[in-house]
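So the chains spell out like this:
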Amino acid sequence: MSGVVRIDARGMRCPWPAVRLARALRDGTPKIEVLADDPQAPAEIAAVAESAGATIEIILDEFYRTFVVTCR
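K.L.:
Help me understand the overall build of the protein in this model?
P.N.:
Looking only at helices and strands, the protein features 2 helices and 4 strands. In the protein, the succession of α and β elements from N to C terminus is β-α-β-α-β-β. Relative to its length of 72 residues, the protein is compact, with a C-alpha radius of gyration of 11 Å against a globular reference of 11 Å. For the protein, the spread of C-alpha atoms along the principal axes amounts to about 30 × 20 × 15 Å. Looking at the 72 residues of the protein, the share that counts as buried comes to 35%. Surface accessibility of the protein: about 4400 Å² in total, with carbon and sulfur atoms responsible for 51%. Averaging the locations of the 9 positively and 10 negatively charged side chains of the protein gives two centres separated by 4 Å.

Rules used throughout
- Residues numbered from 1 in each chain as written.
- Predicted model: local features only at pLDDT ≥ 70, side-chain atom pairs only at ≥ 80, totals over all residues.
- Heavy atoms only, no water.
- Helix = DSSP H or I, 4+ residues; strand = E, 2+ residues; numbered from the N terminus.
- Rg over C-alpha atoms; globule rule 2.2 N^0.38 Å.
- Buried < 20%, exposed > 50% of the residue type's maximum accessible area, 1.4 Å probe, protein only.
- Areas by Shrake-Rupley, 256 points an atom, 1.4 Å probe, with all protein chains shown as cover.
- Lys, Arg positive; Asp, Glu negative; His and termini not counted.
- Charge placed at Lys NZ, Arg CZ, Asp CG, Glu CD.

These figures capture arrangement, not role.
Quick look at the structure:
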């Protein structure tokens, strides 16, 4: 699979945003954007990205966070 995959996890409570990220990483997606608004999401998404050897960038706007996860 190539390109960027966007996961809209707004309104989902953890662990679901992290579970969806892990699934996309297992599928070999090189770049994933996760939109999430759960307060636990930053820690859980960062843990999943770190365990996969991926980098993570957090983009904040006034309503929610976008986590950009890129495989190395």
